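Structural overview
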Amino acid sequence: MGEKNGPLALRRSEQQSSVGDFPALAARSPIEAIRARSKGSRLPRVLSFSNPIQCDLTLRFSRDATLLGESSNECMMAEDHRIAPYSSTEDIEEVVGKAEALLSQTEQYRAFLIQNRKEKDVPELSTLINNVTKEHNVLQRVKSALSLDITGNSQEARDAHQALRSSNLGYYLAVWEAAKNCTGLVGFQKRVYWETPTRDSKKGNKSQKAGAYVDITAQDGAEWVKVSTMTEKRLIRELAEKGYHPDDSPDEAGELDEDDMVELVKAAHDLRKASKSMRIRYKVVIFHILLHFYFHFLNFDNFITSSVHPQVRFVLPKLVLGRVAEVDRIIDQICDTGAIVNCGRLSEDRATLPLDKLFVQLLPLASLTLTETINVDCTILLALVSDLSHYDTERILHEARARNPGGTLKPVIMRQLEKEVGDQLIQTTLYPLLQNHELVCTEEAAIRMREVVSTIGTAAEKERTALFMGDVGSSTPELHQKLGDLSTHPIPATLKLPIKIVPTDLKLKRLPPVAKNVIDHFSKTDTSSVTKSVFLYGWQTNITTISSNRTVAKAIEAVIYEQGTNDSGPDVYLISTSRSLVGKEKRK
């Protein structure tokens, strides 16, 4: 790993920790005192670190206040929405107050997502809120029990104090505070997997899945955040139980067995395995680089770009770097896995940003990870011109009855109509993704799309096709105006029309070696020439392909994964739903 001196990669090569670096610990390390009381301690294993580490600082996303319609003074005067860390020694009233604040903020975030039709982007948020609700209810019962016995001598009061000490509120608070410092939230408390060889002799050499939990999935899936409220005291005790000795030298280190790893280090190794088993849309994510425009004070050369695998980040709010040598060595061990570590309380950049403005910054920002030019698949072309995307249900049903009295729409169309009421696909997903980008499609995709529209499209769908595909000699503003006459949704002024049709002109030498395996798979599965042209063209030209063809996209991913190569695959952005043309009605 090359040396980085910028603010995003604090390197600790000059801070290699040892007991001697901390005079207060030289006489007797905390772990030494605990270990002296331990029974049956095993022979110590050396906990080593071999490389300087990236830790303590990471990229913070705080857009200029003027982008949000707020002056910097207004933001500075806003109330600090951070919730103080939890302590079991606090008064029960304070603890319940923190639980109520946490529940309120997460509920507000869910309402914000629903209002912006983005609740499906963060499906696990409901699980987090349910867990916080359960914790709040437990704390309310604790409060009631303690209020009935001010002496604390009854069994109910003792049980209440035990429940307070074992509360998970501190963990949920830490997760939420970490989440508020992220960008592009797409998940909470997800389980991720990797393949591991089985030790069952009956199964032979077959592998089985192992899993680990990720507390926050951010940056549109490019970052996995693990939050731990581990304290120094608890970590030192765990080290003592593992047989660690403060005199062990990192220079004498060897490979650690999993049984010798403390909980945090094992979690880091597990998440590295899971990360290596998952590719992010097949190629290097350029999210950090594109956000450079929001950070004029940061040097472009100092950005840490994400790899083809999710970047793991640990948030350790109760650990402080540089205070205890043994703790520093554990942090070194975590960072040796490639993870980034944040110690202590996170940045205050967003602390006084109003919650509604903060929530905007938490939204998935997929459009920032797309290339300047976007290759539009036939599935998306059809969604762009479909009546389902542009008209409301009442109008579609009315026009269907007018075209064919007594006829009914096909079941698949009726299901898509129901989904469109909530999804508003073109307004909430397609337009935000496509605007401000040059749009192209392959000749094969354009021909196939026109064939489908010509065969089953309504009059309005045929008109939209002519507008999107440039079959009429009009300027972009004129195309927007004409398209607006055929839609109930406003047309973004930044939507660049018409879509340019490009020749495929595929050349294998322009693709990575693994492309041959993908092409062989296409041949074996009789993949259509249209699909091949779309995905291979985007791959060859290194531009994003936007598609709802999940089957083909996942098949390509599987082929690349099976080859065990580091070759970058096509940059494919999948839309989770599709829209068909209304088509011909069924006769009764």
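What you are looking at is a predicted structure, and each value in this text was computed from that prediction instead of being measured.

**Quick notes on the pairing of strand β7 (residues 438-442)**
Extensive coverage of β7 is indicated by the burial of four of its five residues. As defined by bridge partners, β7 adjoins strand β8 (residues 500-502) across three bridges and the pair is classed as parallel. Bridging from a neighbouring strand, Cys441 pairs with Ile501 of β8.

**Re the nonpolar core**
In this structure, Phe468 and Ile546 are the most contacted members of the largest nonpolar core, which totals 62 residues. Ranked by residues supplied to this core, first place goes to helix α13 (residues 378-385) with seven residues. If we ignore the near neighbours within four places in the chain, the residues touching Phe468 are Leu384, Val385, Tyr431, Leu483, Leu495, Leu497, Pro498 and Ile499. Within the second largest apolar cluster, 45 residues are counted, among which are Tyr86, Val96, Leu128 and Ala179.

**A few points about the sheet that holds β8**
In a beta sheet, neighbouring strands pair by backbone hydrogen bonds and run either parallel or antiparallel. The strand order β8-β7-β6-β9-β10 describes an open sheet built from five strands, whose pairing is parallel. With one partner strand each, in any of the chains shown, β8 and β10 (572-574) form the two edges of the open sheet. Taking the axes of each pair of neighbouring strands and ignoring which way they run, one obtains an average angle of 35 degrees across the sheet. Sheet topology places strand β9 (residues 544-547) next to β10; three bridges connect them, and they run parallel.

**Brief notes about the pairing of strand β5 (residues 340-343)**
Burial of the side chains of β5 extends over both faces: Ile340 and Asn342 are buried on one face and Val341 and Cys343 on the other. Strand direction decides the pairing type here: strand β4 (residues 311-316) and β5, joined by four bridges, are parallel. Opposite Leu316, over in β5, you have Cys343 as the bridge partner. Taken together, β4, helix α11 (residues 325-335) and β5 form a β-α-β motif whose crossover is right-handed.

**Things to note about unusual backbone geometry**
Note that the residue after Leu497, namely Pro498, is joined by a cis bond; omega there is 0 degrees. With respect to the helices and strands, Pro498 occurs in the loop between α20 (476-484) and β8. With phi around 50 degrees, Asp505 is a residue other than glycine that occupies positive phi space. Residue placement: Asp505 occurs in the loop between β8 and α21 (515-524).

**Observations concerning the packing of helix α4 (residues 92-115) against helix α5 (residues 125-148)**
Where α4 meets α5, the closest approach of the two axes is 9 Å, and the angle between their N-to-C directions is 155 degrees. Here α4 lies roughly antiparallel to α5, going by the angle between them. In the crossing of α4 with α5, the sense of the turn from one axis to the other is left-handed. In terms of residue class, the contact of α4 with α5 is built from 14 nonpolar, five polar and five charged.

**Comments concerning the packing of helix α22 (residues 529-541) against helix α23 (residues 550-563)**
Running from amino to carboxyl end, α22 crosses α23 at an angle of 55 degrees, the nearest separation of the two axes being 11 Å. Regarding the angle of α22 to α23, the classification is oblique. α23 is crossed by α22, and the crossing has right-handed handedness. For the pair α22 and α23, contact is made by Thr531, Phe535 and Trp539 and by Val552, Ala553, Ile556 and Ile560, respectively. Of the residues belonging to the contact of α22 with α23, the class tally is six nonpolar, one polar and no charged.

Conventions and cut-offs
- Residues numbered from 1 in each chain as written.
- Predicted model: local features only at pLDDT ≥ 70, side-chain atom pairs only at ≥ 80, totals over all residues.
- Heavy atoms only, no water.
- Buried < 20%, exposed > 50% of the residue type's maximum accessible area, 1.4 Å probe, protein only.
- Helix = DSSP H or I, 4+ residues; strand = E, 2+ residues; numbered from the N terminus.
- Pairing = 2+ DSSP bridges.
- Core = buried A, V, L, I, M, F, W, Y, C linked by side-chain atoms within 4.5 Å.
- Contact = heavy atoms within 4.5 Å.
- Axes fitted to C-alpha atoms, helices over the stretch in contact; angles between N-to-C directions.
- Right-handed = clockwise from strand over helix to strand, strands pointing away.
- Parallel < 35°, antiparallel > 145°, perpendicular 65-115°, else oblique.
- Left-handed = near helix turned anticlockwise from the far one by under 90°.
- Nonpolar A, V, L, I, M, F, W, Y, C, P; charged D, E, K, R; others polar.

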